[in-house]
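So the chains spell out like this:
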Amino acid sequence: MLKNNPASPRRTIFLVGLFVMAIVASGCGVRFDMQDQPRYKAYKKSDFFADGRASRDMVEGTVARGLLKEDKAFYTGKIDNPDPNAQAQSSTDASGNTVVTSFPNAIDEFPIPVTKELIDRGEERYKINCIVCHGPVGAGDGMIVRRGFVRPPSYHDDRLRNAPVGHFFDVISNGWGRMTGQKAMIPVADRWAIVAYIRTLQASQNPEQIMRMNSGAQPAATVTPAPAASPAGRPNGGAN
Amino acid sequence: MAQFFPKSANNVAKITMILGVVLAVTAFYAYTQLARSSYLTGRYVEKQQPVQFSHKHHTGDDGIDCRYCHTTVETTASAGMPSTETCMTCHSQIWSDSPYLEPVRASYRDNTPIEWERVHDLPEYTYFNHSIHIAKGIGCSTCHGEIDNMPSVYQENTLQMEWCLSCHREPEKFIRPKSEIYNMRWKDSDLSTEARVQLKQEYKIRSRDMLTSCSVCHR
């Protein structure tokens, strides 16, 4: 049999100790200062800056070391036209809209070498950023257009076939009409890759151009080096 | 039972002591279950967002690529959240007077960011990086589930350390070809075990010891 002892001081101390430990332990449970440390991670909210964003924009005019955008052609797709009075020409299309038909400052040579890797990269990026509106071959029949977005022009009309590469670069960067610019979403080199891929698409939809390319008679004004890498992956394109 | 209990112990004492052990085991088990429960890990919990943005509409129905909005997922630690300009590439024209989109338009007008509620939130004493996982053939759906079926994003996995480790111990169980990273319907059984081990070598994934070293994630 167990005999009941009168309450001993030891037991009281033990119980009080247990009580204190329980409080301490529960205190630990609600401390989150390791979970949420007083430092900034991407997209974290800041109480310090007025707009609440911890991720700051660069102060305007800042140039990071090695990132001076000297190469105007590469960064803007444009050069200073030797003829300062050159004006963009426009015409009116069937539905009465004004369409710009000449791009005096836009460059017509890729500022970087056009390689198979560049075109492959361009294909990947086109499928991420453009296909939703412009459709798989650039006919302007993407999913978002089917959901009600304005229909973009096909890449395969003469105006855009003849447009210089610099124009495409400019459209991606700064937008055009109802298409908004995507500079913030697409890095510069990727924009050129997309342009190279668009040139490939244009060639792929234009058997005449492929034939001209193969016969070696390239009118310099319309054909840029991009399609030289045959879109069909065959050295003789689709000529025979 | 005589070995454990002296003859003098009566049944009440015996039962209490056995019950005590059973209770302790049950309590421990309950604790482990509670620690892994959605109540404590936030798993499957949907958050009320300032805009009722639906991945099901945008990626499932309209086929927008994840990288249209989460632009930096291949290159940086953070996947990147779309800026209001990104939403406006489309919503400047379509659904441009929908009341559901008013917060987006307000954000665009006033140049203030939209404040999304974080769904996945690791404690800040851990280090996570998207780019390496994408580069080594781990697809979004392995960690995030079928996002393109979620009208409202929820956390598919516990995001506990044991979950990270279950893969860091044997990534060959979850690895996929890089072309399938954005495929939300990919199943691990789509590729044979040998092919996955092969991929692991091809991607030069380091040894189990190196990937489970504490300093990989706690640095």
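All values derive from a computational prediction rather than experimental measurement. (Residues numbered from 1 in each chain as written. Chains lettered and ligands numbered in written order. Predicted model: local features only at pLDDT ≥ 70, side-chain atom pairs only at ≥ 80, totals over all residues. Heavy atoms only, no water.)

Undergrad: Quick rundown of the overall build of chain A? Include the residues and the values.
TA: From N to C terminus, chain A includes nine helices and four strands. In chain A, the succession of helices and strands from N to C terminus is α-α-β-β-α-α-α-α-α-β-β-α-α. Across the 240 residues that make up chain A, the buried fraction comes to 32%. A separation threshold of at least 6 residues defines the contact pool for chain A, and within that pool the share at least 24 residues apart is 51%. By element, 58% of the accessible surface of chain A is carried by carbon and sulfur atoms, the whole surface being about 15,500 Å². (Helix = DSSP H or I, 4+ residues; strand = E, 2+ residues; numbered from the N terminus. Buried < 20%, exposed > 50% of the residue type's maximum accessible area, 1.4 Å probe, protein only. Contact = heavy atoms within 4.5 Å. Areas by Shrake-Rupley, 256 points an atom, 1.4 Å probe, with all protein chains shown as cover.)

Undergrad: Report on the environment of B:R196, specifying residues and quantitative values.
TA: Residue and element names in this part refer to chain B. Within the secondary structure layout, R196 lies in helix α10 (residues 193–202). Looking at R196, the relative accessible area reads 11%, which means it is buried. As for R196 and F174, which are separated by 22 residues in sequence, their C-alpha atoms are 8.0 Å apart. Those residues within four positions of R196 in sequence are excluded, and the remaining contacts are E172, K173, I175, D188 and L191. In this structure the side chain of R196 is engaged in a polar contact, spanning 3.1 Å, whose partner is the backbone oxygen of D188. (Polar contact = N/O pair within 3.5 Å; in protein donor to acceptor, adjacent residues only side chain to side chain.)

Undergrad: I'd love a proper account of the nonpolar core, names of residues and values included.
TA: Counting residues in each nonpolar core, the largest one holds 38 residues, and the members touching the most others are A:Y126, A:I144, A:F168, A:W192, A:I194 and A:V195. Going through the elements one at a time, α2 (72–76), α3 (116–129), α4 (131–134), α5 (143–146), α7 (165–174) and α8 (188–204) of chain A are the ones with two or more residues in this core. Sequence-distant contacts of A:F168, defined by excluding residues within four places in its chain, comprise A:Y155, A:L160, A:A163, A:V195, A:I198, A:R199 and A:Q202. If you look at the next biggest cluster of nonpolar residues, it comprises 11 residues, including B:C140, B:I147, B:V153 and B:I181. (Core = buried A, V, L, I, M, F, W, Y, C linked by side-chain atoms within 4.5 Å.)

Undergrad: Break down the packing of aromatic side chains for me, with residues and values.
TA: All told, the structure shown has 10 aromatic pairs over all chains when counted by the stated rule. Here the aromatic rings of A:Y155 and A:F168 are separated by 6.4 Å at their centres, their planes lie at 75°, and the arrangement is edge-to-face. Here A:Y155 is found in the loop between α5 and α6 (158–162), whereas its partner A:F168 is found in helix α7, with 13 residues between them in sequence. Of the residues examined, A:Y155 reaches a relative accessible area of 7% and is grouped as buried. Ring centres 6.4 Å apart and planes at 70° place the aromatic pair B:F53 and B:W116 in the edge-to-face group. In this pair, B:F53 is assigned in the loop between α2 (38–41) and α3 (55–61) and B:W116 in the loop between α6 (102–110) and α7 (130–135), connecting sequence segments 63 residues apart. The partly exposed category is assigned to B:F53, whose relative accessible area is 31%. Here a set of aromatic residues connected by ring pairs shows up, and it is made of A:Y126, A:Y155, A:F168 and A:Y197. Looking at A:R56, its charged tip hangs above the ring of A:F49, at a distance of 4.0 Å from the centre. Taking the ring centre of B:Y182 as reference, the NZ or CZ of B:R67 above it sits at 3.8 Å. (Phe/Tyr/Trp six-rings, centres within 6.5 Å; stacked < 30°, edge-to-face > 60°. Lys NZ or Arg CZ within 6 Å of the ring centre and 35° of its normal.)

Undergrad: Tell me what's going on with the domain arrangement of chain B, and back it up with residues and numbers.
TA: On domain assignment, one finds that chain B holds domain 1 (1–35), domain 2 (55–63 + 72–81 + 119–217) and domain 3 (82–115). The centre of domain 1 of chain B, based on its C-alpha atoms, is set 62 Å off from the matching centre of domain 3 of chain B. (Domains from an automatic or database assignment.)

Undergrad: Can you lay out the interface of chain B and chain A for me, pointing to particular residues and giving the numbers?
TA: Taken residue by residue, the interface counts 26 residues in chain B and 28 residues in chain A. Together, the buried faces of chain B and chain A total about 2,500 Å²; carbon and sulfur atoms form 56% of this surface. Taken together, the links from chain B to chain A amount to five salt bridges. Here A:R147 makes a salt bridge to B:D62, at a shortest N to O gap of 2.6 Å. (Buried area = accessible area lost by both parts, 1.4 Å probe. Salt bridge = Lys/Arg side-chain N within 4 Å of Asp/Glu carboxyl O.)

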